[in-house]
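Here's the letter readout for the chains.
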Amino acid sequence: MYSGPLPPLHPDQPPWPGECCRSGGVTLHIRRTPGPEEGELAVYLHGLGGSGANFTDLAGLAATRLPGMAIDLPGLGRSAPPEGFDYALDSHAEVIAAFLAGRHGDPVHLVGNSIGGAVALLVAARRPQLVRTLTLLAPAMPDLRADPRRLSDPWMALGLLPVVGNRARRILTMIQSRVGDAQPHEQIERIVRLCVADPSVVSPARREEAVAEWVHRASLPWGVAGAHRSMQQLLRSWLVPRSRSLWRLATRVGAPALVVWGMADKLVSVRKAPRTAVALPRGRLLLLPRTGHLPQIERPTSVARGMLGMIEMVDHAAW
C-alpha cells in the first residue's frame with residue numbers, strides 16, 4: 001500500500017470538466033483530472049449505468065502522482081457509439097485501444113470498474129504496449145448466478161430473455177424516457193442500494209450528480225438502449241467457450257495488475273476475486289470489507305493507496 005501523502009478527500013468536489021475528444025479515428029467523451037505535468041497518465045473506465053464522473057474522488061486522490069482521464073465508454077455515458085457499433089466487449093475494447101493508441105504517448109495506468117474492468121482486461125491482453133499497469137475494480141468476470149436481485153430494475157431481467165426480451169426492452173425504454181421529478185431519484189436510490197454496501201457513504205451531492213447524469217443519459221438517442229445492449233453482450237461473453245473466455249484472456253496480461261474487490265459485492269461475487277488475481281500472471285488481490293460493487297466510490301482512499309502502492313513497487317522492480 002502507498003504510504004505517501006494524499007490530498008484531502010472532498011466528497012462535494014464537482015466532477016472534473018468533460019469534453020468530446022477525437023483520437024485514433026474515434027470520438028469519446030473524457031474528463032481530465034490535473035496532475036503533475038510530467039506524470040504518467042491514469043485512464044479510468046466506468047461500469048454499466050455509470051460514466052467517467054464515477055471516478056471524481058479516486059482520480060482526485062491519485063492526481064498527487066498521476067494526471068487522469070476518465071472515459072465514457074462508447075454508447076454509454078456521453079460518448080456516442082460509432083456507426084454500426086454492436087456493444088460487444090471486444091468492440092468496446094477496440095474503440096478504447098484505438099483511442100489510446102492515437103495519443104502516441106507512453107503506456108497508461110489503466111483502471112476499470114465492472115464492465116469497464118472487463119474492457120480494460122481485454123485491452124491489456126491484446127494491446128500490451130498500451131498498458132503500464134492494470135487496476136481492476138470488481139471487474140465483470142463471468143458470474144452466471146440466476147438471481148433477479150442483482151438487477152436494479154425487474155424489467156431488465158425480462159429484457160434479457162428470448163422472444164419477450166425485445167418487447168420488455170421497448171417498454172423499459174419508454175418508461176425511462178418519460179423522466180419525471182421523482183423517478184430518476186428513485187432509480188438512483190435503487191442503484192445505490194444494489195451497488196453500495198453502506199449507502200450512507202454516498203453523499204447527497206454525489207447522489208444529485210448521479211441523478212443529473214441519469215436524466216442526461218435518458219435524453220440521448222443511445223442512452224437507454226446502449227446500456228441494455230451492453231448488458232446483453234456482456235452476458236453473451238460469459239457464455240463463450242473457455243478458450244475465448246475472460247479467464248483465458250486474463251492469463252495473457254503481462255502488465256502488473258491489482259484486483260480490488262468489495263467483500264459485500266452483490267453484483268459479481270467476491271468468490272471470483274481470488275480466481276481473477278491468480279489468473280493474471282502478475283496479479284495481486286486487495287479485498288475491502290464493508291464494500292460493494294463500486295470501490296472507487298465507497299473506498300476511494302483505500303483504492304488510491306493500493307493503486308499508487310502497486311505503481312511505486314513497479315518503479316522499484318519490487319512487484
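This text goes with the structure placed above it.
Draft legend 1. Structural view of the overall build of the protein chain. Summing up its helical and strand segments, the protein chain has twelve helices and eight strands in all. Burial status across the protein chain gives 55% buried among its 319 residues. Here the analysis covers contacts within the protein chain between residues at least 6 apart in sequence; of these, 74% occur between residues at least 24 apart. When the accessible surface of the protein chain is summed, it comes to about 13900 Å², and 56% of that surface belongs to carbon and sulfur atoms.

Draft legend 2. Quick peek at the sheet that holds strand β8 (residues 283–288). Sheet architecture is open: eight strands sit in the order β1-β2-β4-β3-β5-β6-β7-β8, paired in mixed fashion. Of all strands in the sheet, those with a lone pairing partner are β1 (18–23) and β8, marking the two edges. Averaged over all pairs of adjacent strands, the angle between their axes in this sheet comes to 25 degrees, without regard to strand direction. Both strand β2 (residues 26–33) and strand β4 (residues 68–71) contribute to a ladder of four bridges, which runs antiparallel. Residue pairing in the sheet places R31 in a bridge with A70 of β4. Across the sheet, helix α12 (residues 300–315) lies against β3 (42–45), β5 (108–113), β6 (131–137), β7 (257–262) and β8, angled at about 155 degrees from β6, the strand it touches most.

Draft legend 3. Molecular detail of the environment of D265. On the secondary structure map, D265 appears in the loop between β7 and α10 (272–279). The residues contacting D265, other than those within four sequence positions of it, are A138, T291, G292 and H293. At a separation of 2.8 Å, a polar atom in the side chain of D265 contacts the side chain of H293.

Draft legend 4. View of the nonpolar core. Counting residues in hydrophobic clusters, the biggest one holds 69 residues, and the most contacted among them are V43, L45, I71, I96, L110, V123 and L134. Per-element accounting of this core gives the leading share, nine residues, to helix α3 (residues 115–126). With near-sequence residues (within four places) excluded, I71 lies in contact with L28, H29, I30, V43, Y44, L45, H46, G52, I96 and F99. In terms of nonpolar packing, the next biggest core, distinct from the first, is built from 26 residues, Y44, L58, A62 and W319 among them.

Draft legend 5. Just the packing of aromatic side chains, in detail. As enumerated under the stated definition, the model contains two aromatic pairs in all. Aromatic side chains F85 and Y87 sit 5.0 Å apart centroid to centroid with 70 degrees between the ring planes, which places their arrangement in the edge-to-face category. The ring of W247 is capped by R275, whose NZ or CZ atom sits 3.9 Å from the centre of that ring.

Draft legend 6. Spatial organisation of a positive patch on the surface. On the surface, R242, R248, R252 and R275 cluster together into a patch of positive charge. The residue R252 is located in the loop between α9 (246–250) and β7 in this model.

Draft legend 7. Spotlight on a nonpolar patch on the surface. A cluster of nonpolar side chains, contributed by M263, L285 and L287, occupies part of the molecular surface with about 250 Å² of accessible area. Relative to the assigned elements, M263 resides in the loop between β7 and α10. What makes M263 partly exposed here is its relative accessible area of 48%.

Draft legend 8. Examining the packing of helix α2 (residues 89–101) against α3 more closely. Their axes nearest at 9 Å, the elements α2 and α3 cross at an angle of 65 degrees. Crossing handedness for the pair α2 and α3: right-handed. Contacts between α2 and α3 involve L89, D90, H92, A93, I96 and A97 from the former and I115, A118, V119, L122, V123 and R126 from the latter. In terms of residue class, the contact of α2 with α3 is made up of nine nonpolar, one polar and two charged.

Draft legend 9. Inspection of the packing of helix α6 (residues 183–195) against helix α7 (residues 204–219) at higher detail. α7 packs onto α6 with a crossing angle of 115 degrees between their chain directions and a minimal axis gap of 9 Å. By crossing handedness, the relation of α6 to α7 is classed as right-handed. Judged by residue contacts, Q183, P184, H185, Q187, I188, E189 and V192 of α6 engage R207, E208, A210, V211, W214 and V215 from α7.

Draft legend 10. View of the side chain of Q296. Along the chain, Q296 turns up in helix α11 (residues 295–298). Classification of Q296 as buried rests on a relative accessible area of 0%. Apart from residues lying up to four places away in sequence, Q296 is in contact with N54, F55, L58, N113, L137 and V303.

Draft legend 11. Spotlight on the pattern of salt bridges. Within this structure, the stated rule accounts for ten salt bridges. Residues E19 and R32 are paired through a salt bridge, measuring 3.6 Å at the closest nitrogen-oxygen approach. Of this pair, E19 sits in strand β1 while R32 sits in strand β2; the two residues are 13 residues apart in sequence, bridging distant segments of the chain. Among the ionic pairs, E213 bridges to R78, the shortest N-O distance being 2.8 Å. Here E213, found in helix α7, pairs with R78, found in the loop between β4 and α2; they are 135 residues apart in sequence, far enough to count as distant. For E213, a relative accessible area of 11% gives the class buried. One network of salt bridges, in which partners are shared, links E40, R65, R132 and D315.

Rules behind the numbers
Residues numbered from 1 in each chain as written. Predicted model: local features only at pLDDT ≥ 70, side-chain atom pairs only at ≥ 80, totals over all residues. Heavy atoms only, no water. Helix = DSSP H or I, 4+ residues; strand = E, 2+ residues; numbered from the N terminus. Buried < 20%, exposed > 50% of the residue type's maximum accessible area, 1.4 Å probe, protein only. Contact = heavy atoms within 4.5 Å. Areas by Shrake-Rupley, 256 points an atom, 1.4 Å probe, with all protein chains shown as cover. Pairing = 2+ DSSP bridges. Axes fitted to C-alpha atoms, helices over the stretch in contact; angles between N-to-C directions. Polar contact = N/O pair within 3.5 Å; in protein donor to acceptor, adjacent residues only side chain to side chain. Core = buried A, V, L, I, M, F, W, Y, C linked by side-chain atoms within 4.5 Å. Phe/Tyr/Trp six-rings, centres within 6.5 Å; stacked < 30°, edge-to-face > 60°. Lys NZ or Arg CZ within 6 Å of the ring centre and 35° of its normal. Patch = residues over 30% accessible without salt bridge, like charges linked within 9 Å, V, L, I, M, F, W, Y side chains within 5 Å. Salt bridge = Lys/Arg side-chain N within 4 Å of Asp/Glu carboxyl O. Lys, Arg positive; Asp, Glu negative; His and termini not counted. Charge placed at Lys NZ, Arg CZ, Asp CG, Glu CD. Left-handed = near helix turned anticlockwise from the far one by under 90°. Nonpolar A, V, L, I, M, F, W, Y, C, P; charged D, E, K, R; others polar.

No statement about biological role is implied by the geometric values presented.
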